[in-house]
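Now for the letters of each chain:
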Amino acid sequence: MPIPEDVTGDEIDKDVRQELLSLPKTLADDVAKNLVMVARLIDEDPEQAYAYSKVALRLASRVAAVREAGGFAAYANQKYSEALAEFRAARRMSGSVELWPVMADCERGLGRPEKALDMAGAPEVHKLDKAGQVEMRLVAAGARRDMGQLDAAIVTLQSPELASGSVQPWTARLRYAYADALVAAGREGEAREWFAKAVEADRDGSTDASDRLAELDGVDFVDALDEEGTEDVDATDVSDQGVAQKAAEDVESGAESEAKAEAKADRDED
């Protein structure tokens, strides 16, 4: 697999670099470059990331970080059996429990939600950090939904982390998952509130909460060009940014949102 000239291998995490010290330097550098490519491509081109991970595995299958990268690359390509095998190998080598939630999610991907729930109740969960515990809660809720247990999924997501007003890296996804479960249960009024809260926390656009909120509000997004080729946006169209701002305002001040709605109605009449 070709490696771009700008990739040196020094981009990898220092802990991974430490693991690679057990290899000869030239080999370690080659493995590092392939791991960089996995990380670079896993979101935009999972198949290519998977191909680079296979090269790294061929070069250094006894390094835990390499097995972990192989697991995530397989997971991104929905190769859940292979991903689970790689994650298990990485866990055996490192002794870490941090992969426990994604291993449980692989069980879901393999059609075994009951096994995922068993893992959610295992002692390993108590050894996870806060982010890992939230991730495990998300997986467990997903497993409940897989089994058609919508109310149980909603209860599973109800937690101090969900109720907290502070924004953490997991906050947007947790609020989004809760809102999505509420929609599935037919509780759209509550879902709208939580999608709005997810928008407020989603600073990097990791979810489509603003789109889901717009759907509940009956807003249509239309890309149209007039006959002269210029953009012709219907008065009812709202941009993603506008929806996100509206959601934040709803959360922060109901009165302010009402005033803005009244002002919009006046403009529409004009």
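Refer to the structure printed above.
Since this is a predicted model, take the numbers as computed values, not measurements.

Undergrad: So what exactly am I meant to see when it comes to the nonpolar core here?
TA: In globular proteins that are soluble, nonpolar side chains generally tend to be buried together. Ranked by internal contacts, the top residues of the largest apolar core, which has 46 residues, are Leu20, Leu35, Val66 and Trp100. Looking at this core, the elements with two or more residues in it are α1 (14-20), α2 (25-41), α3 (46-59), α4 (64-76), α5 (80-94), α6 (100-109), α7 (113-120) and α8 (130-146). Among the elements that line this core, the one with the most residues is α2, at eight residues. Not counting residues up to four positions away in its chain, the partners in contact with Leu20 are Ile12, Ala28, Val31, Ala32 and Val63. By size, the runner-up hydrophobic cluster in this structure holds 23 residues, among which are Ala153, Leu157, Ala177 and Leu182.

Undergrad: Would you mind going over the pattern of salt bridges with me for this structure?
TA: Any two side chains of opposite charge can pair, on the condition that their charged atoms come close. Counted under the stated rule, the structure contains 20 salt bridges. Here Lys54 makes a salt bridge to Glu82, at a shortest N to O gap of 3.2 Å. Linking Lys54 in helix α3 with Glu82 in helix α5, this pair joins segments that are 28 residues apart in sequence. Given a relative accessible area of 23%, Glu82 falls into the partly exposed group. The salt bridge involving Glu215 is made with Arg212; its shortest N-O contact spans 3.9 Å. With a gap of three residues between them, Glu215 and Arg212 both fall in helix α13 (residues 209-216), about one helical turn apart.

Undergrad: I tried to follow helix α12 (residues 188-201) on my own but got confused; where do I start?
TA: Since the α-helix turns once every 3.6 residues, residues separated by three or four places project in the same direction. End to end, α12 covers 20 Å across 14 residues, agreeing with the expected 20 Å (1.5 Å per residue, within 8%). What α12 keeps buried is the set Ala191, Arg192, Trp194, Phe195, Ala196, Ala198, Val199 and Ala201.

Undergrad: Even after reading the chapter, I still don't get the packing of helix α11 (residues 171-184) against α12, so can you show me in this structure?
TA: How two helices pack is summed up by the angle between their axes together with the distance between the axes. α12 packs onto α11 with a crossing angle of 165° between their chain directions and a minimal axis gap of 8 Å. Judged by the angle between their axes, α11 and α12 are roughly antiparallel. Crossing of α11 over α12 shows left-handed handedness. For the pair α11 and α12, contact is made by Thr171, Ala172, Arg175, Tyr176, Tyr178, Ala179, Asp180, Leu182 and Val183 and by Glu188, Glu190, Ala191, Trp194, Phe195, Lys197, Ala198, Glu200 and Ala201, respectively. Split into classes, the residues belonging to the contact of α11 with α12 amount to eleven nonpolar, one polar and six charged.

Undergrad: Just to check I follow, could you spell out the side chain of Thr171 for this structure?
TA: In this structure, Thr171 sits in helix α11. In this structure Thr171 touches Ser166 and Ala201, once residues within four positions along its chain are discounted.

Undergrad: I'm lost on the side chain of Glu107 in this one. Help?
TA: Inspection of the secondary structure assignment puts Glu107 in helix α6. Accessibility expressed as a relative area gives 2% for Glu107, which makes it buried.

What counts, and where the lines are drawn
Residues numbered from 1 in each chain as written. Predicted model: local features only at pLDDT ≥ 70, side-chain atom pairs only at ≥ 80, totals over all residues. Heavy atoms only, no water. Core = buried A, V, L, I, M, F, W, Y, C linked by side-chain atoms within 4.5 Å. Buried < 20%, exposed > 50% of the residue type's maximum accessible area, 1.4 Å probe, protein only. Helix = DSSP H or I, 4+ residues; strand = E, 2+ residues; numbered from the N terminus. Contact = heavy atoms within 4.5 Å. Salt bridge = Lys/Arg side-chain N within 4 Å of Asp/Glu carboxyl O. Expected span 1.5 Å × (residues − 1). Axes fitted to C-alpha atoms, helices over the stretch in contact; angles between N-to-C directions. Parallel < 35°, antiparallel > 145°, perpendicular 65-115°, else oblique. Left-handed = near helix turned anticlockwise from the far one by under 90°. Nonpolar A, V, L, I, M, F, W, Y, C, P; charged D, E, K, R; others polar.

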